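Observations on the three-dimensional arrangement
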Amino acid sequence: MALITLRDICMSFGNEPLLDRVNLTVGSGERICLLGRNGVGKSTLMGIIGGRLTPDRGEVMRSQSVTVSGLAQGVPVDLHGTVFDVICRGMGPRGERLAEYRRLCDLNESGGGPAADTPKQVMALQQTIDSEDGWQIQQQAERIISEMNLAADGEVSTFSAGMKRQVLLAAALVVRPDILLLDEPTNHLDMGAIDWLESFLLKWNGTLILITHDRMMIRRLATRIVEIDRGELHSWDCDYDTYEQRSQERLEAEEKGNQRFDKKLSAEEVWIRQGIKARRTRNEGRVRALEKLRELRRSRRDRTGRVRMALDEAGRSGKTVVEATDLTFAYGDRTIVRDFSCTIMRGDRIGILGPNGAGKSTLIRLLLGELAPQQGRIKRGTNLEVVYFDQLRGQLDENRTVQENVSPEGDMMDIGGKSRHVIGYLKDFLFSPQRARTPVWVLSGGEKNRLLLAKLFARPANVLVLDEPTNDLDVETLELLEELIMNYSGTVMLVSHDRTFINNVVTSTLVFEGPGRIEGYAGGYDDWLVQRPVEIAPRSEKPLPGQAKKTASPPVAARKKIGYMEKRELSSLPGRIESLEARQQEIFRIMSAPDFYRQNGESITTVKQELAQLERELENAFARWESLESLAQEK
């Protein structure tokens, strides 16, 4: 059943339309993901569906009594009140009255209000709530608070951005919407919260329309993908990987068609310039056809070029980049790092994983020397040239232009030993000359991230530190950034909650697995899931602000049912073991070669270390497989 139908919708901001006579039908139970480059109109389309925006032209038809609720991309700066208050406010005036009733009751009990007035206000509100069946709203609010494990009396203004988004999601869900709109819901969420959100949405039986750059979430949730490209909608009823293939085929077919068109137009332009008299009857039709070709060419919207990123690599650093021994660091009585040791070698690509607030950025600052450990020793290598992508974008001056941020000294800049004009360099990052002269504060989040990458990549570096670089970037730019990092010969330290990005880029991970406890693993996010201990200690004995206190959970091995993530892990283990064993056999063949021990000692040691690491990984993988197999048999 169609819940919402858009017909011939047009919407413009500036010269070219964001949406140009688009049509869309949203059916019951669908999970639609909106994809497209930054700025193509995804949030605008979602705003029209949600009723926040009115299109310039076209018709929006909604089925009777359809309810739409949503979660915006940003977090309001003035969000205040308890969790219960914020969720009730999501239900309109009746909810606001219930929240006020609860506040006055608390005030009356504590003796903090005017004794003469507060009881009268409480009684008046109680009568109003009785008359409009407002207690049903209280039940709905309490149910969603319980389902999402939130603390009803927690003060939202003190929460982290990730916890605030969870409360706002609860406020969107409490009205039991037919359609739920989520705009970049994974922003500010850590991996645990993202996994919870995915599992929650898979069980939710309403219609979902989603904007996200998280490819793992798209693969897990989307039943349909709608791509916005140059004002048009392209709908794909398939999984994400099939969509990528079909979308690329569409672009290739379009490019070939444009080439044939341009060739024909060029031939006709040559003909008209030969001086043939257009007034002749036999030529008038050809002249009119040429005019139509010219008009079609003028109206055609060519696809903007791709981002062209390149890192200006400095000279090679020393072989050892960082050697940390028994590091301990704490803020007051809160331990961030305890007895941590690691060695980072030249060329390593290290992913740093952990919950929000665990101390990932603090660990990076310790390793870079920006913070001094309270115990332990850090030895840094020689000839280190570091560039640091800060997730808060503190290196950007919001009041200066895009151009001034990248090249404050003038129009020319040195890139890789060659002189380039700053406008030409910024075009590689999809900033037009006009956009390059605008102040940074008007840019979108994705544009700011692209600008910071442009600023940093102009500097020579052999150590690249990226703290949440993926926020707000579209999928195409993410894939290009992945390719650049994988081809980078320097050392990379990366903090990200994008699981696909971690899988595709890093060679090993450092994971926060408890208060002050950091463990190292080979491979990316999926490899960590395979290798991690069966039971990971909780990050803190106390719940986070806004989280309800939970009773201790039994270890995974004691559960009677295997969970979704364990099923996925179990199904992936045979393939991983097979891959590890194949590499092990390959190393055996290498070591059995007659000239193997004639190499230099460093090469021999590297191969032996890889073999030892493979044997440890195989042992862990077999143990994990046996554990999950026994768990699956108990279900």
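Just so you know, the residues in each chain are numbered from 1, in the order the chain's sequence is written. Where totals are concerned, whole chains, interfaces and linings use all residues; where local detail is concerned, this predicted model gives features only for residues with pLDDT of at least 70, and gives and counts side-chain atom pairs only at 80 or more. As a rule here, side-chain values cover all heavy atoms of the structure and leave hydrogens and water aside.

In this section: the overall build of the protein. The secondary structure listing takes helices from DSSP runs of H or I that are at least 4 residues long and strands from runs of E that are at least 2 residues long, numbered from the N terminus. When you go through the protein residue by residue, the secondary structure sums to 20 helices and 20 strands. Relative to its full complement of 635 residues, the protein shows a buried share of 47%. For the protein, the accessible area works out to roughly 31,900 Å², and carbon and sulfur atoms hold 48% of it. Note on classification: 1.4 Å probe, protein chains only; a residue is buried when its accessible area is under 20% of the maximum for its type, exposed when over 50%, partly exposed between these limits. Note on areas: Shrake-Rupley, 1.4 Å probe, and residue coverage restricted to the protein chains presented here.

Attention now moves to the nonpolar core. In a soluble, globular protein the nonpolar side chains are often hidden away together inside. The set of buried Ala, Val, Leu, Ile, Met, Phe, Trp, Tyr and Cys residues whose side-chain atoms join them within 4.5 Å is what this entry labels a nonpolar core. Ranked by internal contacts, the top residues of the largest apolar core, which has 46 residues, are Tyr425, Leu426, Leu451, Phe457 and Ile485. Of all the elements, helix α15 (residues 445-457) adds the most residues to this core, at six residues. Counting 45 residues, the second largest nonpolar core, distinct from the first, contains Leu169, Ala193, Leu201 and Met217.

On to the sheet that holds strand β5 (residues 68-71), then. Between any two strands, at least two bridges found by DSSP are needed for them to pair. One open sheet accounts for six strands, arranged β5-β6-β7-β3-β8-β9; its pairing is mixed. Of all the strands in the sheet, the pair left with one neighbour each is β5 and β9 (232-236). Here the strands of the sheet are splayed against their neighbours by 20 degrees on average, with no regard to which way each runs. Sheet topology note: the β5/strand β6 (residues 179-183) ladder contains four bridges and is parallel. Note that in β6 the partner of Val68 across the bridge is Ile179. Interaxial angles span 0 to 180 degrees and are taken between N-to-C directions of axes, which are lines fitted to C-alpha atoms, for helices over the stretch in contact.

With that out of the way, let us pick up helix α9 (residues 240-272). If you check α9, its first and last C-alpha atoms are 48 Å apart, about what 33 residues at 1.5 Å a residue would give, namely 48 Å. Among all positions of α9, only Tyr240, Tyr243, Ser247, Arg250, Leu251, Asn258, Phe261, Leu265, Glu268, Glu269 and Trp271 are buried. Here a polar contact is recorded for every N or O atom pair within 3.5 Å, except that within protein the pair must consist of a potential hydrogen donor and a potential acceptor, and residues adjacent in sequence are included only if both atoms are side-chain atoms. Its side-chain oxygen placed 3.1 Å from the backbone nitrogen of Asp241, Asp239 serves as the N-cap of α9. In a helix, the anticipated span is given by 1.5 Å times the number of residues less one.

When a carboxyl oxygen of Asp or Glu lies within 4 Å of a side-chain nitrogen of Lys or Arg, that pair is called a salt bridge. Scanning the entire structure with this criterion turns up 22 salt bridges. Across the pair Glu198 and Arg499 runs a salt bridge, and its minimum N-O distance is 2.4 Å. Of this pair, Glu198 sits in helix α7 (residues 191-203) while Arg499 is found in helix α17 (residues 499-505), placing the two residues 301 residues apart along the sequence. Using a relative accessible area of 0% as the deciding quantity, one classes Glu198 as buried. According to the relative accessible area criterion, Arg499 is buried, its value standing at 1%. As a salt-bridge pair, Asp527 and Arg576 come within 2.8 Å of each other at their nearest N and O atoms. With Asp527 in helix α18 (residues 525-531) and Arg576 in helix α19 (residues 564-592), this pair connects stretches of sequence that are 49 residues apart. When its relative accessible area of 17% is taken as the criterion, Arg576 is described as buried.

Attention shifts here to the sheet that holds strand β13 (residues 375-380). Judged by pairing direction, the sheet is antiparallel, and its three strands sit side by side in the order β11-β10-β13 without closing on themselves. Each edge of the open sheet carries a strand with a single partner, namely β11 (334-345) and β13. With direction set aside, neighbouring strand axes in the sheet form an average angle of 15 degrees. Inspection of the sheet shows strand β10 (residues 320-331) paired to β13 by five bridges, in the antiparallel sense. For Thr325, the partnering residue across the bridge sits in β13 and is Arg377.

The subject of this paragraph is helix α1 (residues 42-50). Among the nine residues that make up α1, seven are buried, leaving the element largely enclosed by the rest of the structure. Among all positions of α1, only Lys42, Thr44, Leu45, Met46, Gly47, Ile48 and Ile49 are buried. One or two positions beyond α1, positive phi appears at Gly51, with a value near 85 degrees.

This next bit is on the pairing of strand β18 (residues 491-495). Counting buried residues in β18 gives five out of five residues, a clear majority hidden from the surface. The alternating pattern of β18 places Thr491, Met493 and Val495 and Val492 and Leu494 on opposite faces, both of which are buried. Pairing of strand β12 (residues 349-353) with β18 involves four bridges; the strand directions are parallel. By the bridge assignment for β18, Gly351 is matched with Leu494. Bridge count between strand β17 (residues 463-467) and β18: five bridges; the pairing is parallel. Opposite Val463, over in β18, you have Thr491 as the bridge partner. Looking down the strands as they point away from you, a crossover is right-handed if its path from the first strand over the helix to the second goes clockwise. Tracing the backbone out of β17, into helix α16 (residues 475-486) and back to the parallel element β18 gives a crossover that is right-handed.

A separate point is the confidence of the model for the protein. Detailed conclusions should not be drawn from predicted coordinates in areas where pLDDT is low. Residue-level pLDDT values for the protein average 79, and 85% of them are 70 or greater. Confidence scores labelled pLDDT are given residue by residue by the predictor and lie between 0 and 100. Whether two residues are in contact is decided by their heavy atoms: any pair within 4.5 Å suffices. A low-confidence stretch, residues 536-545 (pLDDT under 50), is modelled with 20 contacts involving residues beyond four sequence positions or located in other chains. This stretch, residues 549-560, has a pLDDT under 50; its non-local contacts, to residues over four places away or in other chains, come to 13 contacts.

When you line up the elements, Glu370 lands in the loop between α11 (360-368) and β13. Beyond its immediate sequence surroundings of up to four residues, Glu370 is in contact with Arg365 and Tyr388.

Inspection of the secondary structure assignment puts Thr470 in the loop between β17 and α16. Look at Thr470 and you get buried, because its relative accessible area is 1%. Among residues more than four places away in sequence, those in contact with Thr470 are His213, Asn449, Leu478, Ser496, Asp498 and Phe501.

Let's shift gears to the environment of Thr507. Following the sequence through the fold, Thr507 ends up in the loop between α17 and β19 (508-514). Looking at Thr507, the relative accessible area reads 36%, which means it is partly exposed. For the pair formed by Thr507 and Gly347, sequence separation is 160 residues and the distance between their alpha carbons is 9.5 Å. In contact with Thr507, other than residues within four places in its own chain, are Asp348, Arg349, Ala522 and Gly523.

Before going further, it helps to examine unusual backbone geometry. At Asp8, a position not held by glycine, the phi torsion is positive, near 55 degrees. With respect to the helices, strands and loops of the structure, Asp8 is situated in strand β1 (residues 2-12). On the accessibility criterion, Asp8 (30% relative accessible area) is partly exposed.

On to the environment of Lys319, then. Relative to the helices and strands, Lys319 is located in the loop between α10 (281-299) and β10. Here the alpha-carbon distance between Lys319 and Arg346, two residues 27 residues apart in the chain, equals 5.1 Å. The residues touching Lys319, leaving out its near neighbours within four places in the chain, are Met345, Arg346 and Glu602.

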